[in-house]
Amino acid sequence: MSIFNRVRSRASRYERGRVAAAISGAYAVLVLANAAGSVTMGIFADDPTFSGIWLLLVSAPSSFLITSLTFPLIPDEGPSRALGVVLFDLPCTVAGLLQAWLLWRITRGPGKKDTVPHPSPCSAT
């Protein structure tokens, strides 16, 4: 079973599941695309000063809290630029994906009621 069929079957269990899956899925893709661009710029650019600004803004407001905790650990320059990328981009990406999950939980609505009653295991028919 493909991932899209799994998402479709999971989304069909809720009243607004398909809309919620589209919204939260698009947000998760936006976060992951910005994370990939930020990591690429952070590792390969000559001056990666503002490489993660879009990732920070896309995953706001929770990324502000997380990066305020990890920002003092990020080295300014030197051979540990990859450590700086990990300490900045990974928490921002996790914060954005957590927000995508919360967006799914909030927008999906209540579960659909079963229209066909299930037989009771104790009934003798």
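First, a word on what this report is: a plain description of the structure on this page. Keep in mind that what you see is a predicted model, and the values were worked out from it rather than measured.

Quick look at the nonpolar core now. Judged by nonpolar contacts, Tyr27, Ala28, Val31, Ala35, Leu55, Leu56, Val58, Ile74, Leu87, Phe88, Cys92 and Ala100 together constitute the single largest core of 12 residues. Taken together, the elements giving at least two residues each to this core come down to helix 2 (17–44), helix 3 (53–58) and helix 5 (81–107). Excluding anything up to four places from it in sequence, Cys92 contacts Leu55, Leu56, Ser59, Ser63 and Thr67.

Before going further, it helps to examine the packing of helix 1 (residues 3–11) against helix 2. Between helix 1 and helix 2, whose axes approach to 8 Å, the crossing angle comes to 130°. As the angle between them shows, helix 1 and helix 2 are arranged oblique. Where helix 1 crosses over helix 2, the handedness of that crossing is right-handed. When helix 1 is examined against helix 2, the residues Val7, Arg8 and Ala11 are found in contact with a partner set consisting of Gly17, Arg18 and Ala21.

Here is what the cut-offs are and how they apply
- Residues numbered from 1 in each chain as written.
- Predicted model: local features only at pLDDT ≥ 70, side-chain atom pairs only at ≥ 80, totals over all residues.
- Heavy atoms only, no water.
- Core = buried A, V, L, I, M, F, W, Y, C linked by side-chain atoms within 4.5 Å.
- Buried < 20%, exposed > 50% of the residue type's maximum accessible area, 1.4 Å probe, protein only.
- Helix = DSSP H or I, 4+ residues; strand = E, 2+ residues; numbered from the N terminus.
- Contact = heavy atoms within 4.5 Å.
- Axes fitted to C-alpha atoms, helices over the stretch in contact; angles between N-to-C directions.
- Parallel < 35°, antiparallel > 145°, perpendicular 65-115°, else oblique.
- Left-handed = near helix turned anticlockwise from the far one by under 90°.

Any functional reading would require information that these geometric values do not contain.
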